[in-house]
Amino acid sequence: MASRASLSELTSSLWTKNELARRVALAREPVEDTAPRPPLLRFLGEAEILTEVYKRPRRKIEVAKTKHPRTVMVLPGFMTHPVRMRFMAKHLERAGHTAKRWGLGFNLGPTEENVAKLEERLLDLYDQAGEPIVLLGWSLGGLFARELAKRQPHAIAKVITMGSPFSGDPRSNNVWRVYQFVTGHSVDAVPVGQDIAVKPPVETIALWSPRDGMISARAACGQPEERDRAIALRCTHIGFSYSTEAIQTVLSELERD
């Protein structure tokens, strides 16, 4: 229901002529092109996802049973639904962890309203689990996770971001124009979490990849003071949600105290 409502709200707002024109102007915003972004060839490499449907049935991922079961809230990337992270979640559950969806359906960008709903969801999971929750955020989902950790640090054990652009120029990616069109606001005027680069007061791990075709590696890795640790993988941006390396790295991080 939440995902349908979100898509309905987006569609209805875009049908108004003035709003559509405003969003098109945002997407075409003239800016000085100085932000580092992945090259076109690497961006085209994200098409690897098209072969995943054939590779996945043959791919066996080794998963060891955990001695420290955790509750993990999984936050999807921009313009994706939680179902896109189901493969990752399934392997977390195979290891003995409890994977929970974020409860907002499609990720169409941050607003005060949906961040408030996410806070409620987090606190409910915290009460149910009886211990702090791990937040696993892919891409934009990782920025939501960092903001939640700043608002409710007592309820969070750690934050793991995967290819999340939390550092440097907000245009250090190949999708910022799409972001501005869909959300209706500039990357320079995000309605929540103005200090995105500031490290949350909980353990914060940044997974990044030099093969990422959407987000600048520098933006996803961050500076030492902006996260506790950064781990380099060799997957595409979309591959953070399903690659063997990403899944095994997340499982390894869940074993760390």
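A. Region of the structure containing the packing of helix 6 (residues 112-129) against helix 7 (residues 140-151). Packing of helix 6 against helix 7 leaves a shortest axis separation of 11 Å and a crossing angle of 65°. In terms of axis orientation, helix 6 runs roughly perpendicular to helix 7. Here helix 6 runs over helix 7; the crossing is right-handed. Contact with helix 6, carried on its side by Glu112, Asn114, Val115, Leu118, Glu119 and Leu122, involves Phe144, Glu147, Leu148 and Arg151 of helix 7 and no other residues of that element.

B. Quick look at unusual backbone geometry. Here the phi dihedral of methionine 79 falls at roughly 65°; this positive angle occurs in a residue that is not glycine. Turning to its location among the elements, methionine 79 is positioned in the loop between strand 1 (71-75) and helix 5 (86-94). The exposure class assigned to methionine 79 is partly exposed, which follows from its relative accessible area of 39%. Look at serine 139: it is not a glycine, yet its phi comes out positive at around 55°. By secondary structure assignment, the location of serine 139 is in the loop between strand 3 (133-138) and helix 7.

C. Representation of the sheet that holds strand 2 (residues 98-101) within the structure. Overall, parallel pairing links the six strands, which are arranged 2-1-3-4-5-6 in an open sheet. In the strand order of this sheet, the two ends are held by strand 2 and strand 6 (229-232), each with one partner. The average undirected angle you get between the axes of adjacent strands in this sheet is 20°. Bridge analysis of strand 5 (residues 203-208) against strand 6 gives four bridges, and the strand direction is parallel. Bridged to alanine 206 within strand 6 is alanine 230. Packing against the sheet, helix 6 makes contact with strand 1, strand 2, strand 3 and strand 4 (156-162), and its axis sits at approximately 160° to strand 1.

Thresholds, definitions, all that
- Residues numbered from 1 in each chain as written.
- Predicted model: local features only at pLDDT ≥ 70, side-chain atom pairs only at ≥ 80, totals over all residues.
- Heavy atoms only, no water.
- Axes fitted to C-alpha atoms, helices over the stretch in contact; angles between N-to-C directions.
- Helix = DSSP H or I, 4+ residues; strand = E, 2+ residues; numbered from the N terminus.
- Parallel < 35°, antiparallel > 145°, perpendicular 65-115°, else oblique.
- Left-handed = near helix turned anticlockwise from the far one by under 90°.
- Contact = heavy atoms within 4.5 Å.
- Buried < 20%, exposed > 50% of the residue type's maximum accessible area, 1.4 Å probe, protein only.
- Pairing = 2+ DSSP bridges.

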